[in-house]
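# Observations on the three-dimensional arrangement
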Amino acid sequence: MRLVSTRNAGNTVGALEGVLKGIADDGGRFVPETFPQISRECIEEIGGMTYAQAAARVLGFYFEMDPGELLAMTTAAYENFDDARVTPMKKLGKREFVLELFHGPTLAFKDMALQLLPRLMGAALAENGGKEDVLILTATSGDTGKAALEGFKDVPRTKIAVFYPEEGVSSMQKLQMVTQGGENTYVCAVRGNFDDAQTGVKQVFADPQMAEKVREKGYVFSSANSINFGRLAPQIVYYIYAYARLVRAGEVRMGDEVNITVPTGNFGNILAAYYAKRMGLPVAKLICASNKNNVLTDFFDSGRYVTNRMFFKTMSPSMDILISSNLERLIYRIAGNDPEKNKVLMEELTKDGAYHITDEMKMQLADFYGNYATGEE
Ligand SMILES: *Cc1c(COP(=O)(O)O)cnc(C)c1O
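As a starting point, this report considers the structure included with it. Residue indices begin from 1 for each chain and proceed along its sequence in written order. Only residues with pLDDT of 70 or above have their local features reported here, since the model is predicted, and side-chain atom pairs are shown and tallied only from 80 upward, although totals for entire chains, interfaces and linings are computed over all residues. Excluding hydrogens and water, the side-chain figures rest on all heavy atoms present in the structure.

## Quick notes on the overall build of the protein
Secondary structure follows DSSP: runs of H or I at least 4 residues long count as helices, runs of E at least 2 residues long count as strands, and numbering of each begins at the N terminus. For the protein, the helix and strand inventory stands at 16 helices and 14 strands. Using C-alpha atoms as the atom set, the radius of gyration is obtained and then compared with a globule rule of 2.2 Å times the number of residues to the power 0.38. By the compact-globule yardstick of 21 Å for 377 residues, the protein fits well, its C-alpha radius of gyration being 19 Å. With a 1.4 Å probe rolled over the protein chains alone, any residue whose accessible area is under 20% of its type maximum counts as buried; one over 50% counts as exposed, and the rest are partly exposed. Classification of the 377 residues of the protein by burial places 54% in the buried group. Here the contacts in the protein between residues at least 6 apart in sequence split such that 72% fall between residues at least 24 apart. Contacts: residue pairs with any heavy atoms within 4.5 Å of one another.

Printed below as a string of structure tokens:
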């Protein structure tokens, strides 16, 4: 499977190469050129698999790797979860289920991807045969930082530096990060909020002189944020697996559509659900749940994305984000996979902190419903 940049149709890479690069050289995001289609038979089969088997099966659609090697990776990635089912489901009401994504080593759902990403990167380094090691730069609003540090700790040929907003993470998250073990891990506080940290990291990635400087020292940059396709792909798995398990348990009839609600910050987790839908998973609405920083709720309502607004620190810091990195992937899609149209909007975002989409584009947002709740609610 090849990936293409959302800002330049000529910029394509293999999936593993895309994982190694993290962000496209033109500043765009890598997205799959086409979406592999998953059949009902395949969903049925997945319902009878372990999580690691299901992950190897789904990721096999994207990463051209030996199936045995892929299964060995997913098995190793998910074996230290504290529940053998990896992502157990709890029945809430008659038709509502909660997918538990907190059984990994750092308790954040990010473990689902970040326990696997270093292994994918290892495969990418082996494939690429280059002599440079990888220097991972990651901005965090709290949970990504610890999960990424833990995932990359002492992984050969990698170093990782995490940047967190000094006042923007919980004290537990800060302690989780600053007490991190490992010879190759670095943590740095940034004065400002998460958007400042993330924008700074993206600027470093986009700076050719900086890239040259680190290359001289024997490194290439990559990212462990969800701008990296290697974060998104493993997250597609649990939506497909959850559906397959519900069918197998007789809770959902094969082919019936389900709604998926996702608490959203950088728009990565919900985008993975959207990608599962694009692969053919029977999904009706993707419900984008925000907190008081409801920039996405407004976007789905009005088609206007306005980041110049009050920023609130809430009890859910991982959702305190105004510039959602992965929204670009959706914009690219609703612009008809047109990198030029996407680029114009992204330049407006950088320049004015806002953009409007056309009515035609807005019509293609019907897969989504956005709303928010305050802390009190
Ligand atoms: C990361 C995170 C989010 C936001 O997920 P995105 O993929 O950035 O949208 C929400 N809640 C928690 C607890 C998180 O760790």
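## With respect to helix 14 (residues 327-334)
Structural remark: α-helix, 3.6 residues per turn; residues separated by three or four positions point the same way. Most of helix 14 sits out of view: 7 of its 8 residues are buried. Along helix 14, the residues classified as buried are L327, E328, R329, L330, I331, Y332 and I334. One or two residues past the end of helix 14 sits G336, with phi positive at roughly 75 degrees.

## Some points on empty space enclosed by the protein
Residues are called lining when one of their atoms sits within 4 Å of a cavity or pocket point, these points coming from a 1 Å grid over the protein atoms alone, where a cavity is a set in which a 1.4 Å probe fits but cannot get out and a pocket is an open set with protein on both sides within 12 Å along at least five of seven lines. Grid points are joined across faces, edges and corners, and a volume is the space filled by probe spheres set on the points. Applying the stated criterion across every chain yields a total of 2 cavities of 30 Å³ or more. Put simply, the largest cavity is a space of about 40 Å³. If you trace the largest cavity, you find it lined by T264, G265, S290, N291, N293, V295, L296, M319, I321 and S324. Considering only enclosed or pocket space, the second largest cavity measures out at about 30 Å³ in volume. Lining of the second largest cavity is provided by A139, Q198, V201, K202, N225, I227 and S325. The greatest single-element share of the lining of the second largest cavity, amounting to 3 residues, is contributed by helix 9 (residues 194-206).

## Re unusual backbone geometry
The phi torsion at D154 lies on the positive side, around 60 degrees, for a residue other than glycine. Mapped onto the elements of the fold, D154 is located in the loop between helix 7 (143-152) and strand 7 (158-165). Notably, R157 is not glycine yet its phi reads approximately 65 degrees, a positive angle. Within the secondary structure, R157 is located in the loop between helix 7 and strand 7.

## Examining a nonpolar patch on the surface
Each patch is built from salt-bridge-free residues with over 30% relative accessible area, joining like charges within 9 Å and nonpolar side chains (Val, Leu, Ile, Met, Phe, Trp, Tyr) within 5 Å. Per-residue and other accessible areas follow the Shrake-Rupley method at a 1.4 Å probe size, with only the shown protein chains counted as cover for residues. When a carboxyl oxygen of Asp or Glu lies within 4 Å of a side-chain nitrogen of Lys or Arg, that pair is called a salt bridge. A cluster of nonpolar side chains, contributed by L175, V178 and V187, occupies part of the molecular surface with about 250 Å² of accessible area. Relative to the elements of secondary structure, L175 occurs in helix 8 (residues 171-178).

## Looking at the site of the ligand
Think of it this way: one heavy atom of a residue within 4 Å of a molecule or strand is enough to make that residue near it. Within the structure, the ligand sits among F109, K110, D143, P263, T264, G265, N266, F267, G268, N269, S318 and M319. Polar contact is defined as a pair of N or O atoms within 3.5 Å, subject to the rule that within protein one atom must be able to donate a hydrogen and the other to accept it, and that residues adjacent in sequence are counted only when both atoms are side-chain atoms. A distance of 2.5 Å separates an oxygen atom of the ligand from a polar atom in the side chain of D143. Within the backbone of F267, an N or O atom sits 3.0 Å from an oxygen atom of the ligand. Isolated, the ligand exposes 390 Å² of accessible area, and the fraction of that covered by the protein chains is 83%. Only Asp, Glu, Lys and Arg are considered charged in this grouping, and only Ala, Val, Leu, Ile, Met, Phe, Trp, Tyr, Cys and Pro are considered nonpolar; every other residue, Gly among them, is considered polar. In the shell around the ligand, the residues fall into 4 nonpolar, 6 polar and 2 charged.

## Here we look at the packing of helix 3 (residues 51-59) against helix 11 (residues 229-248)
In this description, a line fitted to the C-alpha atoms serves as the axis of each element, helices being fitted only across the stretch in contact, and the angle between N-to-C directions of two axes falls anywhere from 0 to 180 degrees. Where helix 3 meets helix 11, the axes come as close as 9 Å, and the angle between the chain directions of the two elements is 120 degrees. With respect to helix 11, the axis of helix 3 lies oblique. Pair helix 3 / helix 11 crosses with right-handed handedness. Across the interface between the two elements, Y51, A54, A55, V58 and L59 of helix 3 pack against A233, P234, I236, V237, Y238, I240 and Y241 of helix 11. Note that the term roughly parallel is reserved for angles under 35 degrees, roughly antiparallel for angles over 145, roughly perpendicular for angles of 65 to 115, and oblique for everything else. Left-handed describes a crossing whose near helix is turned anticlockwise from the far helix by less than a right angle; the clockwise case is right-handed.

## Topic: the layout of surface pockets
For the second largest pocket, the calculated volume is near 580 Å³. Every residue lining the second largest pocket is counted, 26 residues in all, and those nearest its centre are R7, T199, K202, M346 and T350. Only helix 9, helix 14 and helix 15 (339-352) provide two or more residues apiece to the lining of the second largest pocket. When residues in the lining of the second largest pocket are grouped by element, the largest group, 5 residues, is from helix 9. For the lining of the second largest pocket, the class distribution of residues is 11 nonpolar, 9 polar and 6 charged.

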